[in-house]
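Here is how the chains run, residue by residue.
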Amino acid sequence: MTQSEITEVLARPYAQELLGRDMLRMAYVAKDGTPRAIPIAHFWNGAQVVLCTSKNAPKLHALKAHPVVALTIDTEVHPPKILLIRGTVELDVVDGIPHEYLHMNGSYAMTPEQRVEWEREVRSLYDGMVRIVVTPTWAKLIDFETTLPSAVQELVEARSARQEPV
């Protein structure tokens, strides 16, 4: 998939809506070679997906060994909207709390007082974090209006071919 194709998919209104959600699921190959899929908060910076984690997180060893991931962001309504992203990972150890972490957690319903308390707790817990920066290498939006899963699209096309008069 070309960079312009990826950019076009990620610029679609539904994709932008999904990228603005709080959580996604990240799949990766664990250190023992088995698959993992975890929910994790994220921040879209317009070109990359940024995730943040503690410096002692077990997933970091796995991501160093296999720096590729698959991300899923979707809705809980019918028909679902689904954004699938595959990408490469860069790990960036930072002192303090990355600004992306504070922004990715900013959409939860908190009073201003709760927000101050939450941020104080975060700053007292972490002396630093690791930014997991995902650069998309592939993207697909499934909205069940203009795009379908590829297997379903194949079935629709086969049905249409069967129904065409000879």
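This text goes with the structure placed above it.
The sections below set out a description of the structure shown in this document. (Residues numbered from 1 in each chain as written. Predicted model: local features only at pLDDT ≥ 70, side-chain atom pairs only at ≥ 80, totals over all residues. Heavy atoms only, no water.)

## Considering the packing of aromatic side chains
Reasoning step 1: Taken as a whole and assessed by the stated rule, the structure comprises two aromatic pairs.
Reasoning step 2: When the centroid spacing of 6.0 Å and the interplanar angle of 20° are considered together, the rings of tyrosine 101 and tryptophan 118 count as stacked. Of this pair, tyrosine 101 sits in helix α4 (residues 99-104) while tryptophan 118 sits in helix α5 (residues 112-125), placing them 17 residues apart in sequence.
Reasoning step 3: The exposure class of tyrosine 101 is buried, given its relative accessible area of 14%.
Reasoning step 4: Ring centres of tyrosine 101 and tyrosine 126 lie 6.1 Å apart, and the angle between their planes is 65°; this geometry places the pair in the edge-to-face category. Here the residue tyrosine 101 occupies a position in helix α4, and tyrosine 126 occupies one in the loop between α5 and β7 (128-142), the gap between them amounting to 25 residues.
Reasoning step 5: We note lysine 81 situated over the ring of tyrosine 14; from NZ or CZ to the ring centre the distance is 4.9 Å.
Reasoning step 6: The ring centre of tryptophan 138 lies 3.8 Å from the NZ or CZ of arginine 86, which sits over that ring. (Phe/Tyr/Trp six-rings, centres within 6.5 Å; stacked < 30°, edge-to-face > 60°. Helix = DSSP H or I, 4+ residues; strand = E, 2+ residues; numbered from the N terminus. Buried < 20%, exposed > 50% of the residue type's maximum accessible area, 1.4 Å probe, protein only. Lys NZ or Arg CZ within 6 Å of the ring centre and 35° of its normal.)

## Side note on the nonpolar core
Reasoning step 1: Of all hydrophobic cores here, the largest spans 29 residues; its most connected members are Met26, Val49 and Leu83.
Reasoning step 2: Considering each element in turn, this core owes the most residues, five residues, to β7.
Reasoning step 3: With near-sequence residues (within four places) excluded, leucine 83 lies in contact with Val9, Leu10, Ala15, Leu18, Leu19, Leu71, Thr72, Ile73, Lys140 and Leu141.
Reasoning step 4: Among the nonpolar cores identified, the runner-up in size contains nine residues, and Val50, Cys52, Ile97 and Met104 belong to it. (Core = buried A, V, L, I, M, F, W, Y, C linked by side-chain atoms within 4.5 Å. Contact = heavy atoms within 4.5 Å.)

## Side note on unusual backbone geometry
Reasoning step 1: Omega for the bond connecting histidine 78 with proline 79 falls within 30 degrees of zero, at -5°, which places this linkage in the cis form.
Reasoning step 2: If you check the backbone angles, phenylalanine 144 has positive phi at about 60° while not being a glycine.
Reasoning step 3: Within the secondary structure, phenylalanine 144 is located in the loop between β7 and α6 (150-163).
Reasoning step 4: Assessed through its relative accessible area of 32%, phenylalanine 144 is described here as partly exposed.

## Focus on helix α1 (residues 3-11)
Reasoning step 1: Within the sequence span of α1, burial applies to Ile6, Val9 and Leu10. One side of α1 holds all its buried residues, which, seen down the axis, span an arc of 95°.
Reasoning step 2: On its buried face, α1 sits against α2 (13-19), β3 (43-44), β6 (82-95) and β7. (Arc of directions from axis to C-beta.)

## With respect to the environment of alanine 65
Reasoning step 1: Mapping alanine 65 onto the fold places it in helix α3 (residues 59-65).
Reasoning step 2: A sequence separation of 16 residues divides alanine 65 from lysine 81, and the C-alpha atoms of the two residues are 32 Å apart.

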